[in-house]
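Chain by chain, the residues run as shown.
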Amino acid sequence: GAGVSQTPSNKVTEKGKYVELRCDPISGHTALYWYRQSLGQGPEFLIYFQGTGAADDSGLPNDRFFAVRPEGSVSTLKIQRTERGDSAVYLCASSVSGSMNEQFFGPGTRLTVL
Amino acid sequence: KQEVTQIPAALSVPEGENLVLNCSFTDSAIYNLQWFRQDPGKGLTSLLLIQSSQREQTSGRLNASLDKSSGRSTLYIAASQPGDSATYLCAVEPSGSARQLTFGSGTQLTVLP
């Protein structure tokens, strides 16, 4: 596709459940980023992949959050034992390579934990 | 730790006005600064990217400037239109090994017809 795509667009789950959020980056982009955006705030960094490896996961809030990118393209953000505080919009971005390149964002997944 | 501040948080102007949005950052060690637009319930659309060695970038009615030493950037919008109504976010990419963007909280712009 032409841009970054994310699925699902909306996800409603119950406290304690497990969720997976998917990101398809722009074809050929080696760098992929996950951010989280709370209402009225700017996005906050979660994790950055260069190829298949997580180059920087310093933004993950705790060990309930995990992300993979097994083939260097599609990435999945996984959240275990969801809490109400995890409710936010999860944004994915990709760039040609990691440094000094414009990041292109997907439409986001709105996660609501009841 | 890098902090990015955007002032004002909200702005309402009549159609046709020229306006300036402000962004400041605390650590001048950056590779670049990006301005984004976000419509309600949507993702981010990149507007302009300024490399640290550049002073400004222009795209249509938009002009962004960067003064790295003072930690400031401005986004100038000429002849504003109702379709410009959105939240505008600035973000900086740090120099060094980190690659993630640090964002401000945005300026919510309303252009009244």
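Residues numbered from 1 in each chain as written. Chains lettered and ligands numbered in written order. Predicted model: local features only at pLDDT ≥ 70, side-chain atom pairs only at ≥ 80, totals over all residues. Heavy atoms only, no water.

Novice: How should I be thinking about the pattern of salt bridges in this particular structure?
Specialist: Oppositely charged side chains can form a pair if their charged atoms are brought close together. All told, the structure shown has five salt bridges over all chains when counted by the stated rule. The partner of A:Arg64 in a salt bridge is A:Glu83, and the shortest N-O contact between them spans 3.6 Å. Here A:Glu83 lies in the loop between strand E8 (75-79) and strand E9 (88-95) and A:Arg64 lies in the loop between strand E6 (53-56) and strand E7 (65-68), a separation of 19 residues in the sequence. Overall, A:Arg64 belongs to the buried group, its relative accessible area being 6%. For A:Glu83, a relative accessible area of 40% gives the class partly exposed. The salt bridge involving B:Arg61 is made with B:Asp84; its shortest N-O contact spans 2.8 Å. Highlighted residues: B:Arg61 in the loop between strand E6 (56-59) and strand E7 (62-67) and B:Asp84 in the loop between strand E8 (72-77) and strand E9 (86-94), separated in sequence by 23 residues. The partly exposed category is assigned to B:Arg61, whose relative accessible area is 30%. (Salt bridge = Lys/Arg side-chain N within 4 Å of Asp/Glu carboxyl O. Helix = DSSP H or I, 4+ residues; strand = E, 2+ residues; numbered from the N terminus. Buried < 20%, exposed > 50% of the residue type's maximum accessible area, 1.4 Å probe, protein only.)

Novice: It is not clear to me how the state of the cysteines should be interpreted in this structure. Could you clarify?
Specialist: Two cysteines, two sulfur atoms, one covalent bond between them: this is a disulfide. Tallying each qualifying case throughout the model produces two disulfides over all chains. Across the disulfide from A:Cys23 sits A:Cys92; the S-S distance is 1.8 Å. Between A:Cys23 and A:Cys92 the sulfur-sulfur dihedral comes to about -65°; the bridge is accordingly left-handed. In this pair, A:Cys23 is assigned in strand E3 (residues 19-24) and A:Cys92 in strand E9, connecting sequence segments 69 residues apart. In this model, B:Cys23 is linked to B:Cys90 through a disulfide, with the two sulfur atoms separated by 1.9 Å. Sign of the S-S torsion, about 75° for the bond between B:Cys23 and B:Cys90, identifies this disulfide as right-handed. (Disulfide = S-S within 2.5 Å.)

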